[in-house]
Amino acid sequence: MRYTRLGRTGPVVSSIGLGSLALAGAYGQAHEGEADRLVRRALDAGVTLLDTSAFYAEGRVERLIGRALAGRTDEVVVSTRGGVRALGPDGRVRHDDDPDALERDCDASLERLGADCIDLYYLHCRDGRAPVEESMGRLADLVRAGKIRYIGLTNGTLRQLREAHAVHPVTALGVEYSVWGRYADPDLIAEARELGIALVAARPLGRGFLTGRVRVDARFEPGDWRHDDPRFGPEQSRHCAGLQALEAVAAQLDLSAGRLALAWLLAQGEHTVPVPSTRSQVHLEMNLAASAVELPSEVRDKLAGVFPLDDWNQSPSPLV
């Protein structure tokens, strides 16, 4: 495992982290015992960035991570976020960046994680009712109170990033970022790099598409989040040529498509950290193996154009 600093002034973390959305059952049923073993295996393999959310499985994933980290909290950077609510049986999501709500969410996450301080706490920028300066100001208060070490930002605009960073340094920007979809505003990415803010790449394997295991006719379990992702509907077929190109390059390098997709992200810059999510220990090992791949610049440049980028700002769903 290689390691990198999370932005210019953040903590040192593994170059590949572990996302936890799959552990919440978003991509098929997740069994708690297997999820616990997977988190512990990731820690033993050198993963030091665990990315989660209070929203995942109504807080149960935070509790699982808290149990897995018992006695090992000094080894790991845990990132989480609040301000997200699920409403009703249809799973509709609403966001709440009210400063008081954020503080309550932070306290609840601390209790579930069994921690005195959250290493990295993300501010969502989806609500719009609370100015980002007010929300960021409250999180800055929580930093001073010792409840948070670093602050991140997700789903923000270029203006919101600048406004938030002016109140308190932003350590990491959470964005959907992969060779398949760079949905964040390119100007936002450029500004983050200029400010020394890390890019934490969510959905780095395109919810499984970039592994080559999710084909056009794939059938997902009830409740799978990909049912609501338009890229896995009729639109998916227009991306198949890009996947075939990715697989062809991977075969030439004796790599799996997923490993190549993660290596491509690692080649985007020192402070780009993918956080793939999985329920499988086999897939975990395959993902982490990408840390050892040194990708030639000509391969990196070739892969940058294999998928259409005409809809970079049409993200199928916000990060939660």
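Residues numbered from 1 in each chain as written. Predicted model: local features only at pLDDT ≥ 70, side-chain atom pairs only at ≥ 80, totals over all residues. Heavy atoms only, no water.

Visitor: Account for the overall build of the protein chain, naming residues and giving values.
Guide: Each helix and strand counted, the protein chain has 10 helices and 12 strands in total. Counting over 320 residues, the protein chain shows a buried share of 56%. Working note: accessible area of the protein chain is about 13,800 Å², and carbon and sulfur atoms make up 47% of it. Charge centroids of the protein chain, computed over 38 positive and 45 negative side chains, lie 2 Å from each other. (Helix = DSSP H or I, 4+ residues; strand = E, 2+ residues; numbered from the N terminus. Buried < 20%, exposed > 50% of the residue type's maximum accessible area, 1.4 Å probe, protein only. Areas by Shrake-Rupley, 256 points an atom, 1.4 Å probe, with all protein chains shown as cover. Lys, Arg positive; Asp, Glu negative; His and termini not counted. Charge placed at Lys NZ, Arg CZ, Asp CG, Glu CD.)

Visitor: Give me the lowdown on the sheet that holds strand β12 (residues 272-274), citing residues and values where you can.
Guide: Pairing in this open sheet of eight strands is parallel, and the strands run β3-β4-β5-β8-β9-β10-β11-β12 from one edge to the other. Each edge of the sheet is formed by a strand with only one pairing partner; in this case those strands are β3 (18-19) and β12. Here three bridges tie strand β5 (residues 77-81) to strand β8 (residues 118-124), and the two strands are oriented parallel to one another. Counted as the bridge partner of S79 is L120 from β8. Its contacts with the sheet place helix α3 (residues 99-113) against β5, β8 and β9 (148-154), and it is angled at close to 145 degrees to β8. (Pairing = 2+ DSSP bridges. Contact = heavy atoms within 4.5 Å. Axes fitted to C-alpha atoms, helices over the stretch in contact; angles between N-to-C directions.)

Visitor: Quick rundown of the packing of helix α1 (residues 32-44) against helix α2 (residues 60-68)? Include the residues and the values.
Guide: Relative orientation of the contacting elements α1 and α2 amounts to 50 degrees, with a least axis distance of 10 Å. Classified by the interaxial angle, the pair formed by α1 and α2 is oblique. Every pair of crossing elements has a handedness; the one defined by α1 and α2 is right-handed. Side by side, α1 and α2 meet where E32, A35, D36, V39, R40 and L43 of the first sit next to L64, R67 and A68 of the second. Tallied by class, residues from the contact of α1 with α2 come to five nonpolar, no polar and four charged. (Parallel < 35°, antiparallel > 145°, perpendicular 65-115°, else oblique. Left-handed = near helix turned anticlockwise from the far one by under 90°. Nonpolar A, V, L, I, M, F, W, Y, C, P; charged D, E, K, R; others polar.)

Visitor: How would you sum up the pairing of strand β10 (residues 170-176)? Please name residues and give values.
Guide: With respect to burial, β10 is a largely interior element, seven of its seven residues being buried. Inspection of the sheet shows β9 paired to β10 by four bridges, in the parallel sense. Along β10, the bridge assignment pairs L153 with L173. With helix α5 (residues 158-167) bridging β9 and its parallel neighbour β10, the resulting β-α-β unit is right-handed. As paired elements, β10 and strand β11 (residues 198-202) share five bridges and run parallel to each other. Pairing of L173 across the sheet is with L199, part of β11. As for the winding sense of the linkage, the β-α-β connection from β10 through helix α6 (residues 186-195) to β11 is right-handed. (Right-handed = clockwise from strand over helix to strand, strands pointing away.)

Visitor: Describe the side chain of R81, with residues and values.
Guide: With respect to the helices and strands, R81 occurs in strand β5. Exposure remark for R81: the relative accessible area of 4% places this residue in the buried category. In terms of polar contacts, R81 uses its side chain to reach the backbone carbonyl oxygen of T52, at 3.1 Å. Apart from the residues lying within four places of it in its own chain, the contact partners of R81 are D51, T52, S53, A54, Y121, Y122, H124, T154 and V320. (Polar contact = N/O pair within 3.5 Å; in protein donor to acceptor, adjacent residues only side chain to side chain.)

Visitor: Can you break down the confidence of the model for the protein chain residue by residue, with the values?
Guide: Looking at the protein chain, pLDDT values average 89 and 93% of them are 70 or higher. Per-element mean pLDDT across the protein chain ranges from 67 in strand β6 (residues 84-87) up to 98 in strand β4 (residues 49-51). (pLDDT = per-residue confidence, 0-100.)

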